[in-house]
Amino acid sequence: MYSVPKLADWSAAALDAAVRELLSALESEAAQVASEAEWRMFRDRWLARKNGMLTQVNDLWLKAAPAEAKREVGRRVNELKPLVEQAVEAAQARAHGAGAKSRLDAERVDVTLPGVQRPLGAEHPVIRTMNEICGVFRAMGYSVAEGPEIESDYYNFEALNFPAEHPARDTQDTIFLAGQEAKPARERLLLRTHTSPVQIRTMQRQKPPVRVVIPGKIHRHDAPDASHSPMFHQVEGLAVDTGITFSDLKGTLDHAMKALFGSSVKTRFQPSFFPFTEPSAEVAFSCIFCGGKGCRTCKQSGWIELLGCGMVDPNVFEFVRENGYDPAKVSGFAFGMGVDRVAMLKYGIDDIQLLFQGDVRFLEQFG
Ligand SMILES: [Zn+2]
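If you're wondering where the values come from, they're calculated on a predicted model, not measured in any experiment.

Overview of the nonpolar core
Turning to step 1, where the next piece is worked out: Within the largest apolar cluster, 43 residues are counted, with the highest numbers of intra-cluster contacts made by Phe137, Leu253, Met257, Phe261, Cys309 and Met337.
Turning to step 2, where the next piece is worked out: Of all the secondary structure elements, the ones that give two or more residues to this core are α5 (125-138), β5 (231-241), α8 (246-261), β7 (277-286), β8 (303-312), β9 (331-338) and α10 (339-347).
Turning to step 3, where the next piece is worked out: Leave out the neighbours within four places in its chain, and Met337 touches Ile133, Phe137, His233, Gln234, Val235, Met257, Leu306, Leu307 and Val342.
Turning to step 4, where the next piece is worked out: In terms of nonpolar packing, the next biggest core, distinct from the first, is built from 29 residues, Leu26, Val73, Val77 and Leu80 among them.

Let's talk about the coordination of the zinc ion
Turning to step 1, where the next piece is worked out: Coordination of the zinc ion by the protein comes from Cys287 (SG), Cys290 (SG), Cys295 (SG) and Cys298 (SG), over a distance range of 2.2 to 2.3 Å.
Turning to step 2, where the next piece is worked out: One can describe the donor arrangement at the zinc ion as tetrahedral, given that its four donor atoms subtend angles of 104 to 118° at the metal.
Turning to step 3, where the next piece is worked out: Counting along the primary sequence, the residues that act as donors to the zinc ion give the motif C-x2-C-x4-C-x2-C. Placement of the pair is Cys287 in the loop between β7 and β8 and Cys298 in the loop between β7 and β8, with a sequence separation of eleven residues.
Turning to step 4, where the next piece is worked out: Note on Cys287: relative accessible area 2%, which makes it buried.

Quick notes on the sheet that holds strand β6 (residues 267-274)
Turning to step 1, where the next piece is worked out: One open sheet holds the seven strands; their spatial order is β1-β4-β5-β9-β8-β7-β6, and the pairing between them is mixed. Edge strands, defined here as strands with exactly one partner in the open sheet, are β1 (143-144) and β6.
Turning to step 2, where the next piece is worked out: Of the strand pairs in this sheet, β1 and strand β4 (residues 210-219) are connected by two bridges, and their pairing is parallel. Residue Ser143 lies in a different strand from β4, and its bridge partner there is Val212.
Turning to step 3, where the next piece is worked out: Most of the contacts of α5 go to β5, to which it runs at about 5°, and overall it touches β1, β4, β5 and β9.

Some words on α5
Turning to step 1, where the next piece is worked out: With 14 residues, α5 extends 20 Å between its outermost C-alpha atoms, agreeing within 8% with the 20 Å of an ideal straight helix rising 1.5 Å per residue.
Turning to step 2, where the next piece is worked out: All of the buried residues in α5 are Pro125, Val126, Thr129, Met130, Ile133, Cys134, Val136 and Phe137. Projected down its long axis, α5 shows its buried positions confined to an angular sector of 165°, all on one face.

Digging into the pattern of salt bridges
Turning to step 1, where the next piece is worked out: Per the counting criterion, the structure on display carries 18 salt bridges.
Turning to step 2, where the next piece is worked out: A salt bridge links Lys258 to Asp254; its shortest N-O distance comes to 2.9 Å. Taken as a pair, Lys258 and Asp254 lie in helix α8 at a separation of four residues, close to a single helical turn.
Turning to step 3, where the next piece is worked out: A salt bridge links Arg321 to Glu318; the nearest nitrogen and oxygen atoms lie 3.0 Å apart.

Some thoughts on α10
Turning to step 1, where the next piece is worked out: Of all the residues in α10, the buried ones are Val339, Asp340, Val342, Ala343, Met344 and Leu345.
Turning to step 2, where the next piece is worked out: Looking at the buried positions of α10, the neighbouring elements they touch are α5, β5, α8, β7, β8 and β9.
Turning to step 3, where the next piece is worked out: Gly348, located one to two residues past α10, shows a positive phi value of around 65°.

Details of the packing of aromatic side chains
Turning to step 1, where the next piece is worked out: Evaluated as defined, the whole model comprises 14 aromatic pairs.
Turning to step 2, where the next piece is worked out: Measuring from centroid to centroid gives 6.4 Å for Tyr2 and Trp46, while their planes differ by 5°, and the two rings are stacked. Pair noted here: Tyr2 is in the segment before α1 (12-31) and Trp46 is in helix α2 (residues 36-47), with a separation of 44 residues, a long-range link. Of the two residues examined, Tyr2 and Trp46, each falls in the buried class.
Turning to step 3, where the next piece is worked out: Here Phe317 and Tyr325 contribute two aromatic rings whose centre-to-centre distance is 6.0 Å and whose plane-to-plane angle is 15°, an arrangement assigned as stacked.
Turning to step 4, where the next piece is worked out: Residue classification places Phe317 among the buried positions, given a relative accessible area of 2%.

Regarding the pairing of β7
On a regular strand, one side chain projects to one face of the sheet and the next to the other, so that they alternate.
Turning to step 1, where the next piece is worked out: Judged by how many residues are buried, β7 sits mostly within the fold: seven of ten residues are covered.
Turning to step 2, where the next piece is worked out: When β6 meets β7, the two strands line up antiparallel, connected through seven bridges. Its bridge partner lying in β7, Thr267 is registered against Phe285.
Turning to step 3, where the next piece is worked out: Two successive antiparallel strands, β6 and β7, enclose a turn made up of two residues.

Re the side chain of Thr202
Turning to step 1, where the next piece is worked out: Position of Thr202 among the secondary structure elements: in helix α7 (residues 197-205).
Turning to step 2, where the next piece is worked out: Engagement of the side chain of Thr202 in a polar contact is seen with the backbone oxygen of Val198, the distance being 2.6 Å.
Turning to step 3, where the next piece is worked out: Beyond its immediate chain neighbours, meaning those up to four positions away, Thr202 contacts Ala145, Val210 and Val212.

Topic: the packing of α5 against α8
Turning to step 1, where the next piece is worked out: For the pair α5 and α8, interaxial distance at closest approach is 10 Å and the crossing angle is 130°. Here α5 is positioned oblique relative to α8, judged by the angle of their axes. As for the relative orientation of α5 and α8, their crossing is right-handed in sense. On the side of α5, the interface is formed by Glu132, Ile133, Val136 and Phe137, while α8 contributes Thr252, Leu253, Ala256, Ala259 and Leu260.
Turning to step 2, where the next piece is worked out: In terms of residue class, the contact of α5 with α8 is built from seven nonpolar, one polar and one charged.

Reading the values: the criteria
- Residues numbered from 1 in each chain as written.
- Predicted model: local features only at pLDDT ≥ 70, side-chain atom pairs only at ≥ 80, totals over all residues.
- Heavy atoms only, no water.
- Core = buried A, V, L, I, M, F, W, Y, C linked by side-chain atoms within 4.5 Å.
- Buried < 20%, exposed > 50% of the residue type's maximum accessible area, 1.4 Å probe, protein only.
- Helix = DSSP H or I, 4+ residues; strand = E, 2+ residues; numbered from the N terminus.
- Contact = heavy atoms within 4.5 Å.
- Donors = N, O, S within 2.8 Å, 3.2 Å for Na, K, Ca; no water.
- Tetrahedral: all angles 85-135°; square planar, octahedral: opposite > 155°, others 65-115°.
- Pairing = 2+ DSSP bridges.
- Axes fitted to C-alpha atoms, helices over the stretch in contact; angles between N-to-C directions.
- Expected span 1.5 Å × (residues − 1).
- Arc of directions from axis to C-beta.
- Salt bridge = Lys/Arg side-chain N within 4 Å of Asp/Glu carboxyl O.
- Phe/Tyr/Trp six-rings, centres within 6.5 Å; stacked < 30°, edge-to-face > 60°.
- Polar contact = N/O pair within 3.5 Å; in protein donor to acceptor, adjacent residues only side chain to side chain.
- Parallel < 35°, antiparallel > 145°, perpendicular 65-115°, else oblique.
- Left-handed = near helix turned anticlockwise from the far one by under 90°.
- Nonpolar A, V, L, I, M, F, W, Y, C, P; charged D, E, K, R; others polar.

Have a look at this one:
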């Protein structure tokens, strides 16, 4: 192994030769460093203050040099120091990389092994139905809007023409968030009981004309049974423009029902009440199971009630009047339907709970 020689010849040529010999030893020792432990030995051998190679160079070359050679020796010794330090640093990076490489080798994945087969998921029947309903309206030029599931009392009720003490609020058993008592009533937060707040949010954002469908999750404080769930889904629609009439509403929904349930279904509109529409109607379509003769699903009536609708109440427009919704100039209609119920009818599901239990044996039928 290399050791720093004592020098007898102090000529420039002899000094250069000594330096070359030292650097070539440095290079070949550095090349052999293959682990952290070897690197530490290498570092100490060259840089240790006591007896390290650089220290020896200092003692045996610089200190021992005759006065007339000191300048030339000093210059060369000064140049050596950064070279040795660089070599030590580079060797460390290499040793570290070598360690990482051996870890990589240990963790190597054999890509020829058979893989773990994961069953392919399917679109949930509720999501599939929601997309289908939205698709029917998109084809009629509607866009899709969404809004928050946690709403304020203002958007969920007040701006939809449910005043604070309105009896219609009782029909929607609302789940309020806890700890809201200190807030003014209209700012209290709740789980939205319908997707209708997004109608207001859309009209605040966008001047008329508006044609939008609003799919989403809603909550009501209902005890779960075969036809009720405290969480379910709605698709709501809103169209506002100049000169929109009730016959536009009828034609739109009649087309939508035919698109969803088959071209032979008929629709029936009966008067109803909603605070945010006037007049309001309940829409039924002819039973797809018995063709209108009467069966268990339609409770022998020949009709299946599916959605609520009506002409947007001018009082609702008052809340967004400054954004171009002057009730004297624009009119519109709104409608809403339960997605879960549509899915149950389309797929012959008789218990709404099946949709939310996450039972793979049920869900895989829709793959
Ligand atoms: Zn029927």
